[in-house]
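Fold and contact review
Given next are the chains, with one letter for each unit.
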Amino acid sequence: MTPDRSIVRLSEMVAELSPADQSLFSRLFHVSTTVGEVVPPESMFAWIEKQFGSVEAVRRQRIVKVTNLVTLEATLYNELRARRPMEAPAAGDLEAAIESSRGDPFCRPLELTPADSFGRIQGEHCLTASNIAKYDGFHGVVIYDEHHPLHFSRQSIADALTTGRRWAEAAHRSDPQAAYYFFMWNCLWKSGASILHGHAQTTVSRDMPYGRVEALRQAALRYATAYGEGYFADLVRVHRALGLARAFGPVEALAYLTPIKEKEVLLVGPAVDDDFVAALHAVLDTYVSRLGVRSFNVALYLPPLAPVADDWSVLPGALARIVDRGDLNNKTADIGAMELYAASVVSSDPFRVVEALEGR
């Protein structure tokens with residue numbers, strides 16, 4: 001761990017960049033800092049020292065706010081929270097819960113799950129079903145053969161992505177107006193998964209993409225119009241300059257400066273190919289084996305399945321967002337009114353996340 005490389009030193013680190021990289025950073029991000037003061041009673045001193053190391057660390061807390069000026073995503077980092085170690089929760093209860101869920105409907109999908117109107121898609125390690133309570137007109141489930149949701153491999157991830165794409169193409173053939181494909185993977189209950197058995201979900205939407213996907217496309221288009229440069233190329237360049245990127249061939253894994261929640265990583269690549277799968281597997285394996293993550297979300301933003309009037313060249317051929325959803329044993333939700341309506345509040349330092357990816 002290198003304490004001189006920390007989100008609380010972001011302004012100083014930006015000042016150490018080349019003038020060109022400083023200018024690019026300022027075009028993409030705004031950083032501000034403030035100090036929050038606390039006056040604890042003496043009766044709290046012992047507890048504070050145990051939890052945070054010293055009373056002085058709590059009395060004056062440095063808070064860093066980073067705002068993406070293109071997408072208007074904003075994240076608040078608390079110096080005190082960013083210093084906390086990342087620890088894995090006890091696994092005993094989780095393993096017992098997963099074992100007790102064997103025999104659920106996803107263990108017998110042909111008997112206990114519905115098919116889509118165009119049938120099922122069979123992969124090497126998975127099978128599709130139709131989601132019985134749909135988000136959209138086409139909403140499927142990619143059910144993994146492996147019951148345990150954390151026992152994934154590079155091969156099983158590749159197969160899930162391939163099978164999901166085949167499902168989307170079948171849906172598009174069934175309705176050529178349904179062109180906007182979305183792939184998501186919710187792992188365990190903190191992520192929103194209602195069934196423990198490993199699975200991903202797929203949708204294909206008509207008329208226009210989902211709102212947050214379209215907002216990103218429009219933001220990237222405005223950026224290209226204003227500066228004559230690609231937003232994602234510049235985003236990668238800034239993260240590289242700060243040491244917040246790791247390359248997997250042509251795929252860049254970014255420990256994102258304005259994460260929606262803990263430890264968010266963006267994967268930016270030209271296509272969903274072997275390099276992209278390797279990067280996704282490396283990030284998820286790092287989450288589980290090095291950072292103690294047990295529950296996560298993965299979302300893929302992908303080009304439409306057929307030509308459309310809008311310009312999609314401003315987005316990469318494959319974009320993934322991966323985020324930790326917190327301790328499974330914590331009854332408190334990780335998202336509250338701040339995240340829903342204001343800005344994300346995050347306790348993990350992206351510099352520690354990118355360090356965990358070293359050597360992958």
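Each value, and the rule that gives it
- Residues numbered from 1 in each chain as written.
- Predicted model: local features only at pLDDT ≥ 70, side-chain atom pairs only at ≥ 80, totals over all residues.
- Heavy atoms only, no water.
- Buried < 20%, exposed > 50% of the residue type's maximum accessible area, 1.4 Å probe, protein only.
- Helix = DSSP H or I, 4+ residues; strand = E, 2+ residues; numbered from the N terminus.
- Pairing = 2+ DSSP bridges.
- Expected span 1.5 Å × (residues − 1).
- Polar contact = N/O pair within 3.5 Å; in protein donor to acceptor, adjacent residues only side chain to side chain.

Considerations on the pairing of strand 9 (residues 251-255)
- Most of strand 9 sits out of view: five of its five residues are buried.
- Alternating residues of strand 9 divide into Val251, Ala253 and Ala255 and Glu252 and Leu254, and every residue in both groups is buried.
- In terms of strand pairing, strand 8 (residues 245-248) meets strand 9 through four bridges, oriented antiparallel. By the bridge assignment, Phe248 is partnered in strand 9 with Val251.
- The antiparallel pairing of strand 8 with strand 9 creates a hairpin that spans two residues between the two strands, and Gly249 there sits at a positive phi of about 60°.

Some points on unusual backbone geometry
- Its identity as a non-glycine residue notwithstanding, Leu72 has a phi of 65°, on the positive side.
- Tracing the sequence through the fold places Leu72 in the loop between strand 2 (60-68) and strand 3 (74-78).
- Since its relative accessible area comes to 64%, Leu72 is described here as exposed.
- For Lys263, which is not glycine, the phi dihedral falls at a positive 60°.

What to know about the pairing of strand 12 (residues 318-324)
- Along strand 12, seven of the seven residues are buried, which leaves the element largely enclosed by surrounding structure.
- Burial along strand 12 is two-sided: Ala318, Ala320, Ile322 and Asp324 and Leu319, Arg321 and Val323, pointing in opposite directions, are all buried.
- Looking at chain direction, strand 10 (residues 265-269) and strand 12 are connected through five bridges and run antiparallel. What sits directly across from Leu267, in strand 12, is Ala320.
- Here six bridges tie strand 11 (residues 296-301) to strand 12, and the two strands are oriented antiparallel to one another. Along strand 12, the bridge assignment pairs Tyr301 with Leu319.

What to know about helix 11 (residues 274-290)
- Along its 17 residues, helix 11 runs 23 Å from first to last C-alpha, staying within 8% of the 24 Å computed at 1.5 Å per residue.
- The buried fraction of helix 11 amounts to twelve of the 17 residues, a majority that puts the element mostly inside the structure.
- The set of residues buried in helix 11 consists of Phe276, Val277, Ala278, Ala279, Leu280, His281, Ala282, Val283, Leu284, Thr286, Tyr287 and Val288.
- The opening residue of helix 11 is Asp273, an N-cap whose side-chain oxygen sits 3.3 Å from the backbone nitrogen of Asp275.
- Phi turns positive one or two residues past the end of helix 11, at Gly292, with a value near 75°.

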